[in-house]
Amino acid sequence: MVLTAKEAGMDLTGPGGLLKQLTKMVIQTALDEEMSEHLGYDKHDPAG
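Residues numbered from 1 in each chain as written. Predicted model: local features only at pLDDT ≥ 70, side-chain atom pairs only at ≥ 80, totals over all residues. Heavy atoms only, no water.

Peer 1: Would you take a moment to explain the overall build of the protein for this structure?
Peer 2: In terms of helices and strands, the protein carries one helix and zero strands. Dimensions along the principal axes, computed over C-alpha positions, put the protein at roughly 45 × 25 × 10 Å. Per-residue burial for the protein yields a buried fraction of 6% across its 48 residues. Carbon and sulfur atoms form 61% of the exposed surface of the protein, whose accessible area is close to 4,500 Å². Taking the average location of the 4 positive side-chain charges in the protein and that of its 8 negative ones, the two points are 13 Å from each other. (Helix = DSSP H or I, 4+ residues; strand = E, 2+ residues; numbered from the N terminus. Buried < 20%, exposed > 50% of the residue type's maximum accessible area, 1.4 Å probe, protein only. Areas by Shrake-Rupley, 256 points an atom, 1.4 Å probe, with all protein chains shown as cover. Lys, Arg positive; Asp, Glu negative; His and termini not counted. Charge placed at Lys NZ, Arg CZ, Asp CG, Glu CD.)

If you want it as structure tokens, here you go:
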């Protein structure tokens, strides 16, 4: 059985909501990729 976020008691919006967490994750991933592209190596790569 798969529970939805609402059924699991998670807020969808607000300070600790699922939407905020998802948005943060997407933006952080995009920024990390942009920085890797700019520098030419990944974060924590020994080549850097």
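Having seen it, we continue.
Peer 1: Sorry, what's going on with the environment of Gly9 here?
Peer 2: With respect to the secondary-structure elements, Gly9 resides in the segment before helix H1 (18-39). As for Gly9 and Leu19, which are separated by ten residues in sequence, their C-alpha atoms are 14 Å apart.

Peer 1: Explain unusual backbone geometry to me, please; I cannot follow it from the model alone.
Peer 2: Where the residue is not glycine, phi is negative for most of them; where a peptide bond is considered, it is trans in most cases. Phi is positive for His44, which is not a glycine, with a value near 65°. Take His44: it is sitting in the segment after H1. On the basis of relative accessibility, which here comes to 74%, the residue His44 falls in the exposed class.

Peer 1: Teacher, can you tell me more about the environment of Thr29 here?
Peer 2: Mapped onto the fold, Thr29 is located in helix H1. We classify Thr29 as partly exposed; its relative accessible area is 45%. In this structure the C-alpha to C-alpha distance between Thr29 and Glu7, which are 22 residues apart in sequence, comes to 28 Å. A distance of 2.8 Å separates the side chain of Thr29 from the backbone oxygen of Met25, its partner in a polar contact. (Polar contact = N/O pair within 3.5 Å; in protein donor to acceptor, adjacent residues only side chain to side chain.)

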